[in-house]
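Descriptive structure summary
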Amino acid sequence: MLRDAALVAGKDLRLEARSRVALNQVAPFALLVLMLFAFALDPDRGILARVTPGLYWVAVLFSGLLAVQRAFAVESTDGVADALRLSGLDPAGVFLGKVAAVAVQLLALEVLLGLGVVVLYGADPSSVALLVPTCLAATLGLAAAGSVYGILAAGLRVRETLLPLLLLPVLAPVLIAATSAFESALGGFPGEGWRWLGLLVVFAALYTGLGLATFGVLLEDG
Amino acid sequence: MEPAVHLRGAVSLLGRFPALAGVDLDVATGEIVLLRGPNGAGKTTLLRCCAALLPVTSGEAMVLGHDLAGLTGPARRALRRQVGLLAHATGLYDELTVADNVAFWARAAGADRADAEAAMTRLELDGRLRDVAVGRLSAGQRRRASLAVLLARRPALWLLDEPHAGLDQAGRDLLDGLIGDGARAGAAVVLASHERDRAESIATRTVTIAGGTIVDDSVVGAAPPVATGARRAP
């Protein structure tokens, strides 16, 4: 299973390296969202500083949606879905590989957006001990839930519009917990953030388990 | 010896329509069976059933020693690893190079990089084309890349749906040579084709399908001798 996961993750990252969709489209989109929020919420009134955690995770969520859509769009073209079924790869390995590739791209994006909120919003990322595990757990949850719903929508003609409708409500707990953990970390009282980190870990574990158990069926029916 | 494909009264439903309506067919290792028939006769459905991509809803269906009824999980994956399907679609990632595609699908099926390199060399994709993205290739070159994937996987059962489509004369000759070599090495080959003369020249048996049933089954040539050890055992 892990061999298959490494094979799929390597292929997906190679696809990204060749197409540069995340670099040329998703990352600029994410930065644009941050900049538009900065224009919309006057930085002089102190609103930006208060809502930085929420804006950061909204930007991550929207960008993550694009990354998940892209990750499963490439599996729906020109007979690739059949080739994947015929490949003999372990579906659980395919799931873990997709999750890993999406997570790597999201983590890179989160670093970029982190720099963005420091420069544009003046955020102070001093509580690294809480910020880093929050990012890791939220990213895993986002990638795992995204992969479950990504393969569910992959075989449908309306997948581009259906996926956000399915996925965004499901990811609401990630948005709330990650935002709350970031508020604690950036506000200088990280103690309260650990409970929210726990919720993120549970969410990530739940969707990773769900994906491992159901990806084979979803792949066959896609 | 147990046939690579053994179907008795095989029925496959597409919705409520019986795309296969009781097919009886045996394909031995080393045989090259040409499937003929009009559009919608059930040729593609038959190939996809043999690849365990479509269910056989009733009847007896054994492929490479696996009973297709209720085939799930590891057993289905084990069967599919031994099957090479060349369909109308390429099954390739447009943005990856030919070499990346062949290497990925070969390794997914348990073959190694040497198998992938050998397949690309055989399909004459080892020159400048190996590092070209599949999306930039012509239709014929893509077909060759798909064939390279099939060859690299070293399947025991070749299922070819209109394999000559899109290939130029040299490509068609190359394909015919590959099919002959595959059969001589012990693979069972089932190909669906409308190109009667060319396909009949390489087939050892011709099967005509119409309305989801076999209406004619005739031997047109002797099965090529089977080489030992060159292919995975079915």
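Residues numbered from 1 in each chain as written. Chains lettered and ligands numbered in written order. Predicted model: local features only at pLDDT ≥ 70, side-chain atom pairs only at ≥ 80, totals over all residues. Heavy atoms only, no water.

**Comments concerning the overall build of chain A**
Looking only at helices and strands, one finds 9 helices and 0 strands in chain A. Computed over its C-alpha atoms, the radius of gyration of chain A comes to 18 Å, within 12% of the 17 Å expected for a compact globule of 222 residues. Projected onto its principal axes, the C-alpha positions of chain A cover 55 × 35 × 30 Å. The buried share of chain A, taken over its 222 residues, is 51%. When contacts within chain A are restricted to residue pairs at least 6 apart in sequence, those whose partners lie at least 24 apart make up 83%. Of the roughly 9,600 Å² that chain A leaves accessible, carbon and sulfur atoms contribute 70%. Computed over 13 positive and 16 negative side-chain charges, the inter-centroid distance for chain A is 5 Å. (Helix = DSSP H or I, 4+ residues; strand = E, 2+ residues; numbered from the N terminus. Rg over C-alpha atoms; globule rule 2.2 N^0.38 Å. Buried < 20%, exposed > 50% of the residue type's maximum accessible area, 1.4 Å probe, protein only. Contact = heavy atoms within 4.5 Å. Areas by Shrake-Rupley, 256 points an atom, 1.4 Å probe, with all protein chains shown as cover. Lys, Arg positive; Asp, Glu negative; His and termini not counted. Charge placed at Lys NZ, Arg CZ, Asp CG, Glu CD.)

**As for the sheet that holds strand S10 (residues 213–219) of chain B**
All names here are of chain B. In spatial order, the strands read S6-S7-S8-S3-S9-S10; together these 6 strands make up an open sheet with mixed pairing. Each having just a single partner strand, strand S6 (83–86) and S10 make up the two edges of the open sheet. If you compare each strand with its neighbour and ignore which way they point, the axes differ by 15° on average. Of the pairings in the sheet, the one linking strand S3 (residues 32–36) to strand S8 (residues 188–192) comprises 4 bridges and is parallel in character. Along S8, the bridge assignment pairs Leu35 with Ala192. The sheet contacts of helix H5 (residues 139–153) involve S6 and strand S7 (157–161), and relative to S6 the element is tilted by about 175°. Taken strand by strand, helix H6 (residues 169–184) contacts S3, S7 and S8, and its axis lies near 155° from that of S7. (Pairing = 2+ DSSP bridges. Axes fitted to C-alpha atoms, helices over the stretch in contact; angles between N-to-C directions.)

**Focus: helix H3 (residues 47–73) of chain A**
Counted at 1.5 Å a residue, the expected span for H3(A) with its 27 residues is 39 Å, and the 38 Å between its end C-alpha atoms agrees. The largest bend in H3(A) amounts to roughly 50° and is located at A:Pro53. (Expected span 1.5 Å × (residues − 1). Bend = angle between axes of the 7 residues up to and from the residue.)

**Some details on the domain arrangement of chain B**
Residues and elements named next belong to chain B. One can read the domain layout of chain B as domain 1 (1–82 + 155–234) and domain 2 (89–154). Spacing between the C-alpha centres of domain 1 and domain 2 amounts to 22 Å. The interface of domain 1 with domain 2 comprises 23 residues on the first partner and 16 residues on the second. Between domain 1 and domain 2, a total of about 1,600 Å² is buried, with carbon and sulfur atoms accounting for 53% of that surface. On the surface where domain 1 and domain 2 come into contact, there are 2 salt bridges. (Domains from an automatic or database assignment. Buried area = accessible area lost by both parts, 1.4 Å probe. Salt bridge = Lys/Arg side-chain N within 4 Å of Asp/Glu carboxyl O.)

**Let's talk about the pattern of salt bridges**
Counted under the stated rule, the structure contains 20 salt bridges over all chains. Taking the shortest distance from any N to any O, the salt bridge between A:Lys11 and A:Asp12 comes out at 2.6 Å. A relative accessible area of 1% means that A:Lys11 is categorised as buried. B:Asp100 is paired through a salt bridge with A:Arg18; the nearest N and O atoms lie 2.5 Å apart.

**Overview of the side chain of A:Ser19**
By the secondary structure assignment, A:Ser19 is in helix H1 (residues 2–19). In contact with A:Ser19, other than residues within four places in its own chain, are A:Arg70 and B:Glu95.

**Focus: a nonpolar patch on the surface**
Residue and element names in this part refer to chain A. On the surface, Leu32, Met35, Leu36, Phe39, Val118, Val119 and Leu120 cluster together into a nonpolar patch covering about 700 Å² of accessible area. Elements supplying a minimum of two residues to the nonpolar patch: helix H2 (21–40) and helix H5 (91–121). Considering each element in turn, the nonpolar patch owes the most residues, 4 residues, to H2. Note that Leu120 resides in helix H5. Judged by its relative accessible area of 39%, Leu120 falls in the partly exposed class. (Patch = residues over 30% accessible without salt bridge, like charges linked within 9 Å, V, L, I, M, F, W, Y side chains within 5 Å.)

**Some remarks on the interface of chain B and chain A**
If you look at the interface, chain B gives 26 residues, while chain A gives 26 residues. If you sort the residues of chain B by the area they bury against chain A, B:Tyr93, B:Glu95 and B:Phe104 come out on top, with a joint share of 26%. Across the contact surface, chain B and chain A share 4 salt bridges. Close ionic contact of A:Glu220 with B:Arg80 constitutes a salt bridge, the shortest N to O distance being 2.6 Å. Residue contributions to the side of chain B that touches chain A peak at 5 residues, all from helix H3 (residues 98–108) of chain B.

**Here's the deal with the environment of A:Leu31**
Residues and elements named next belong to chain A. Inspection of the secondary structure puts Leu31 in helix H2. Residue Leu31 is classed as partly exposed on the basis of its relative accessible area of 28%. Spatially, the C-alpha atoms of Leu31 and Pro53 are 15 Å apart, while their sequence positions differ by 22 residues. With residues up to four places along the chain from it excluded, the contact list for Leu31 reads Leu112 and Leu113.

**Points about the environment of B:Gly91**
Among the secondary structure elements, B:Gly91 is positioned in the loop between S6 and H3. When the C-alpha positions of B:Gly91 and B:Val190 are compared, they lie 19 Å apart, and in sequence the two are 99 residues distant. For B:Gly91, the contacting residues outside a window of four places in its chain are A:Asp78, A:Gly79, A:Val80, A:Ala83 and B:Trp105.

**Re the sheet that holds strand S1 (residues 5–14) of chain B**
What holds strands together in a sheet is hydrogen bonding between their backbones, with the strands either parallel or antiparallel. Residues and elements named next belong to chain B. Strands sit in the order S2-S1-S4-S5 across an open sheet of 4 strands; the sheet is antiparallel. Edge positions in the sheet fall to strand S2 (17–27) and strand S5 (66–67), since each of these pairs with one other strand and no more. Of the strand pairs in this sheet, S1 and strand S4 (residues 58–63) are connected by 5 bridges, and their pairing is antiparallel. Bridge pairing in S4 places His6 opposite Met62.

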